[in-house]
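Structure assessment
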Amino acid sequence: MLLFKKVVDLKHYLAKEKRAGKSIGFAPTMGALHAGHRSLVERSQAECDLTVCSIFVNPAQFNDPKDLEKYPRTERQDIRLLNQAHCDVLFLPDVTQMYPDGHKMSKQFTFGLLDKTMEGASRPGHFAGVAQAVWRLLDIVAPDVLYMGQKDFQQVSIVASMLQQMQSAVRLIMCATIREPDGLAMSSRNVLLSTTARQRAPLLFHILEMVRLKMKNHLPADLKLEAIHSLRKGGFEPDYFEIVDGHTLQAVQTFEQAEFVVACVAAKLDGIRLIDNIILKRIGAEDAPV
Ligand code: AMP
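Before going into details, it helps to say that this report is about the structure given with it.

How each quantity is defined
- Residues numbered from 1 in each chain as written.
- Predicted model: local features only at pLDDT ≥ 70, side-chain atom pairs only at ≥ 80, totals over all residues.
- Heavy atoms only, no water.
- Buried < 20%, exposed > 50% of the residue type's maximum accessible area, 1.4 Å probe, protein only.
- Helix = DSSP H or I, 4+ residues; strand = E, 2+ residues; numbered from the N terminus.
- Pairing = 2+ DSSP bridges.
- Right-handed = clockwise from strand over helix to strand, strands pointing away.
- Expected span 1.5 Å × (residues − 1).
- Salt bridge = Lys/Arg side-chain N within 4 Å of Asp/Glu carboxyl O.
- Disulfide = S-S within 2.5 Å.
- Axes fitted to C-alpha atoms, helices over the stretch in contact; angles between N-to-C directions.
- Parallel < 35°, antiparallel > 145°, perpendicular 65-115°, else oblique.
- Contact = heavy atoms within 4.5 Å.
- Nonpolar A, V, L, I, M, F, W, Y, C, P; charged D, E, K, R; others polar.

1. A short note on the pairing of strand 3 (residues 50-55)
Of all six residues in strand 3, six are buried, a share of seventy percent or more. Neither face of strand 3 is left uncovered, since the one carrying L50, V52 and S54 and the one carrying T51, C53 and I55 both have all their residues buried. Looking at chain direction, strand 2 (residues 24-29) and strand 3 are connected through six bridges and run parallel. Directly across from A27, in strand 3, lies its bridge partner C53. The handedness of the strand 2 to strand 3 crossover, carried by helix 2 (residues 35-47), is right-handed. Bridging between strand 3 and strand 4 (residues 89-91) involves three bridges; their strand directions are parallel.

Listed below in structure tokens is the structure:
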């Protein structure tokens, strides 16, 4: 695997590969890599001629400085995992490479209601920061295909909207959430959980599964209440639990009203914020990311 730290070097290398007719797949990450990240790299490897992975802990998307500070960093291990996954290129920029003009947003996007709800409501400025980093990385890497995880479902919606606003030809692929054997969605933050919190954590996924089982005979609003109650009982501090139209991210009143319905949750356990989601229903356009 080739490692680049400078934008100009990566651009030179990729320009040469593109001239040779190679297709580029790209998986942006914040490091502390696990099997979820690896699945994005492997999908890109299977579908593209050349796979680029980036690791950049993006300060612009952290509204809580403490969260940024304690974000796990495991560079050596990450490089090993990417080598094992046969990743071709790792881009490891520092802040000055990513944001030479400082943190100010060089490009403005409007996300309508997409960034006003759930993660957007709980973490002010988060998606503006995500958009800033992804926009910059897309400008540098100029991939044919962008691989992102369903684990961060709202993020995929935001990036899809951004690509639309840019009239970009980049194809966005949403990859399924990879889970631990007990159901917990893999996340870089899982290593921050204490032993007891780690044992409790799969409840998040079990509650989403409970909603799936009960959706035939219950209304979304009732299942939301039940989910929040179960989370509290299980020691979680719920941030939100929403059953939304997967296209608009607005809460649905009935399961029949939308063709694409997703249950999304965020909750704190022992001070560690975890998120998860499952698709409850999807009719048509299964190959579209969101
Ligand atoms: P992060 O490093 O957390 O910013 O994640 C980088 C990319 O990996 C994002 O597109 C995430 O959605 C994706 N990702 C994170 N966790 C998982 C997972 N458990 N399964 C699949 N994709 C994931």
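2. Section: helix 7 (residues 126-141)
Counted at 1.5 Å a residue, the expected span for helix 7 with its 16 residues is 22 Å, and the 22 Å between its end C-alpha atoms agrees. Summarising burial for helix 7: 14 of the 16 residues are buried, a large majority. Backbone geometry just after helix 7 places A142 at a positive phi near 45°.

3. With respect to the pattern of salt bridges
Applying the stated rule across the entire model yields 14 salt bridges. The residue K22 makes a salt bridge to E17 at a minimum N-O spacing of 2.8 Å. On the accessibility criterion, E17 (10% relative accessible area) is buried.

4. Some points on unusual backbone geometry
At H86, a position not held by glycine, the phi torsion is positive, near 60°. Note that H86 resides in the loop between helix 4 (75-84) and strand 4. Judged by relative accessible area, which is 55%, H86 ranks as exposed. If you check the backbone angles, D270 has positive phi at about 55° while not being a glycine.

5. Let's talk about the state of the cysteines
Following the criterion strictly, the structure yields zero disulfides and no others. Lacking any disulfide linkage, C53 is separated from the closest cysteine sulfur, that of C87, by 5.2 Å.

6. As for the sheet that holds strand 9 (residues 272-282)
Strands sit in the order 7-8-9 across an open sheet of three strands; the sheet is antiparallel. Sheet topology places strand 7 (237-245) and strand 9 at the edges, where each strand pairs with a single neighbour. Neighbouring strand axes in the sheet, compared pairwise and without regard to direction, differ in orientation by 10° on average. As paired elements, strand 7 and strand 8 (residues 260-269) share eight bridges and run antiparallel to each other. Bridge pairing in strand 8 links I243 to A263.

7. A short note on the packing of helix 1 (residues 7-19) against helix 7
Taken N-terminus to C-terminus, the directions of helix 1 and helix 7 make an angle of 50°; their axes are 9 Å apart at the nearest point. Between helix 1 and helix 7, the angle falls in the class oblique. Contacts between helix 1 and helix 7 involve V7, L10, K11, L14 and K18 from the first element and R136, D139, I140 and V141 from the second. Class assignment for the residues of the contact of helix 1 with helix 7 results in five nonpolar, no polar and four charged.

8. Some thoughts on the sheet that holds strand 5 (residues 145-149)
Strand order in the open sheet formed by six strands is 1-4-3-2-5-6, with parallel pairing between adjacent strands. Single-partner strands in this sheet number two, and they are strand 1 (2-4) and strand 6 (171-175). For this sheet, the mean inter-axis angle between neighbouring strands, taken without regard to orientation, is 25°. Lying on the sheet, helix 7 is in contact with strand 2, strand 3, strand 4 and strand 5; it crosses strand 2 at an angle near 150°.

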